[in-house]
Amino acid sequence: TLPTTTKSTTTTTIPLLGTITTGAITVSGGGLFLNGNNNTTTTTTNTATTATTNTTTNTIGATGLTSVLTSALTSATYTSTTTTDNTNTRANNFNTGAITVTGGRLFINGNLNTYTTINTISLGGGELGGAGTWNAIVNQTGGSFTPGLQTGDSPTSGSTPFAVGNLSISSLTVTGGTLTVNMNAANQSSNLLTVNGNAKISGATTILVTPATLDAPLQTARVLGVTGTRTGQYSAASLYLSPGRVDTGIVAAASPDGVFTSSTLSLSVDSGNPALGQKVDDTYVTVAHHYDTVSGLSAAGKQLGGAFNDQVGNPLLADFLGALDYSPLTSTVAGTINAYAATDFQASLEYSAVSAREIHRIVEQQNLGDSMYPSNNHVWANYNYNNYSNSGSANRFTIGLGSSTMDTFHFGGLVSYASSDLSSNSTIDTIAYGAYIGMGAPTGWQINGYVGGSHNKTSTSTTAASIAVPALYSVSSFNPDGNSFQALLSGAYMMEEDICKWGPTFGVEMVKSSLKGTITPGAALPAIEYSSNSLTSMRTLIGARAEFTVNSKVHPYVSAQWAREFDGENNGYTANFQGSTFKVKAPIKLATDSIILRGGVVVGLCESCFADFGYMGEYSTSGDNTDYNGLNLGLRATF
């Protein structure tokens, strides 16, 4: 029982659709925003034995208080009370009974009935929200419950993103409607609703997530904390973009209003995981990104999209990834990722290794001619046409100059140019150079050696699909280049029979290749740089060769070798974008086992020259398909 109380009341009447009294508050239309504690403008500390209660009716729109009213209005009053007794100051907002919201909007920022009887707040329609501590039971049968500090607009009816803030209530019962939360990608926080008791959730209840910014991707965040026990769970989560908000990222695209389905991310509602230190009664919105499964992506686009999945938390890429998340058109997202993707990059690297091996076959073929037609000085030329079974074809032109110090030892150098079609989008030009040696008589031991290098340059042009991305070039160019180092050591032991020489062959060959390049998909867009991990091929060669003599000028030959790869793997390449470096998974595995076939005829044209007409091909039995079939033409002249 309190001692004698002195009370003073001042009332201001405002227009509002609905009724607000000291006994109850009902909002059925329009909007009411109450900011601050809404107590008396003065606070006293009374150490006497008397208690003083001061009740002041605040003016809606006065200092510390804002309102937004949007429909037809009638009269109502609002009263708040601060009571001081002895040394305790009690700040009590809305010293009222029930609060009912069936339409319109009611937002309360501050503390509600901190020290008095628990209020009951019923939400059946419209919006209810705010930030602070409410000593209240919330029963939601419909409408939108929106925890978080409001700055003048609600997420579903204003153009200003509302800030991240927390709201604490006594208990929660939900049988319908939505929980609308703001999620801040900058620090991965959300409007956390804390229930200092139990929460019961049932029915078709959902969570609407509105991002604080469209210039960063969302990540998983806690949206509901329950200190007691939660029964039931929200059925689903969806994105909601406030009206009028647009993305200001590097790939500008207008964002639609209302419930929004992203082509790059999905939301789900999950309970806390104790294994991660989370409370099982809490509720999380789990955000999963799927940049690699967007409809319309190329193979390279899917690889780049997979790398973007791992970069969601990278602040250097936040602006770019946010633009992808909130683009309204799937074609825009796919077109953008494809434009940045390293089309045929790994295919170019793989071809560099395969192309270098062709030089080894050419060297072995020339040394075969030297063993048949020894000479002191000679010049030679070779043409190869290869058709690759997976895609593309290649034309190679090689010239060489050689000499010998004796009939059984010769040496020389070569230069080779190859032009290849990797795909309908890409061509690759290769310049190879190196030195070779050969030792051995027509019968007995024969040894071949080669050391050289090559420079490979790829030209890729990708035509953009019909997409709403004006910032992109209609045709994107990607011109990576790189170098290869190669070495060969091979031999044979030839035995002579009646009309042929034959024997086992053996060898080891090595190629090491790398590649790098830059893509700028639009004049106003940042470039992305790619550099490959080195691709090293190390193969052993075991087989047999036979040379036949039809007459002194015609010598058919045939050979087969089994090639065994001991390396030949590459997991992908490195991208440098927006100041960030990350890996793109795009594995290469060269064929583990291959069969190399050659056959043809060496024809003596005159005493100082001969020609070589033949077939050359390689067939893999495992690993990546780098099979090819080819025509080999050679001409050699001595001087």
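Bear in mind the structure is a predicted one, so any value in this text is a computation, not a measurement. (Residues numbered from 1 in each chain as written. Predicted model: local features only at pLDDT ≥ 70, side-chain atom pairs only at ≥ 80, totals over all residues. Heavy atoms only, no water.)

Draft legend 1. Inspection of the overall build of the protein at higher detail. Across its full length, the protein holds four helices and 43 strands. The burial tally for the protein puts 52% of its 639 residues in the buried class. Across the protein, the fraction of contacts at a sequence separation of at least 24, relative to all contacts at a separation of at least 6, is 67%. Carbon and sulfur atoms make up 57% of the accessible area of the protein, which amounts to about 25,100 Å² in all. (Helix = DSSP H or I, 4+ residues; strand = E, 2+ residues; numbered from the N terminus. Buried < 20%, exposed > 50% of the residue type's maximum accessible area, 1.4 Å probe, protein only. Contact = heavy atoms within 4.5 Å. Areas by Shrake-Rupley, 256 points an atom, 1.4 Å probe, with all protein chains shown as cover.)

Draft legend 2. Geometry of the packing of aromatic side chains. Counted according to the given criterion, the structure contains 19 aromatic pairs. On the basis of an interplanar angle of 80° and a centroid distance of 5.4 Å, the ring pair of F320 and Y340 is categorised as edge-to-face. Of the two residues, F320 is situated in helix α2 (residues 318-325) and Y340 in helix α3 (residues 330-340); the sequence distance between them amounts to 20 residues. Note on F320: relative accessible area 1%, which makes it buried. Centroid distance F345 to Y573: 5.0 Å. Interplanar angle 75°. Geometry classified as edge-to-face. Residue F345 is found in helix α4 (residues 345-372), and its partner Y573 is found in strand β39 (residues 569-577); the two are separated by 228 residues along the sequence. Using a relative accessible area of 1% as the deciding quantity, one classes F345 as buried. One aromatic cluster in this structure is built from Y291, F308, F320, Y340, F577 and F582. (Phe/Tyr/Trp six-rings, centres within 6.5 Å; stacked < 30°, edge-to-face > 60°.)

Draft legend 3. Representation of the pattern of salt bridges. For the structure on display, the rule yields 13 salt bridges. Here R564 ties to D593 by a salt bridge, and the two come within 2.8 Å at their closest N and O atoms. In this pair, R564 sits in strand β38 (residues 554-565) while D593 sits in strand β41 (residues 593-606), placing the two residues 29 residues apart along the sequence. Judged by its relative accessible area of 30%, R564 is partly exposed. (Salt bridge = Lys/Arg side-chain N within 4 Å of Asp/Glu carboxyl O.)

Draft legend 4. Quick look at the sheet that holds strand β18 (residues 193-195). Read from one edge to the other, the open sheet built from six strands follows the order β11-β14-β18-β21-β26-β25, with strand pairing classed as mixed. Edge positions in the sheet fall to β11 (132-133) and β25 (265-271), since each has one partner strand and no second. With seven bridges joining them, β25 and strand β26 (residues 283-289) adopt antiparallel strand pairing. Among the inter-strand pairings, L267 is bridged to a residue of β26, identified as V287. (Pairing = 2+ DSSP bridges.)

Draft legend 5. Here's a closer look at unusual backbone geometry. Of note, the phi angle at D344 is positive, near 60°, even though the residue is not glycine. Secondary-structure assignment places D344 in the loop between α3 and α4. Located in the positive-phi region is Q578, a residue other than glycine, with phi close to 55°. Inspection of the secondary structure assignment puts Q578 in the loop between β39 and β40 (580-589).

Draft legend 6. Broad picture of the pairing of strand β23 (residues 236-241). Where strand β20 (residues 206-211) lies against β23, four bridges are found, and the strand directions are parallel. Paired with T206 across the bridge in β23 is A236. Summarising the sheet, β23 and strand β24 (residues 258-260) pair through three bridges and their orientation is antiparallel. Bridging from a neighbouring strand, Y240 pairs with V259 of β24.

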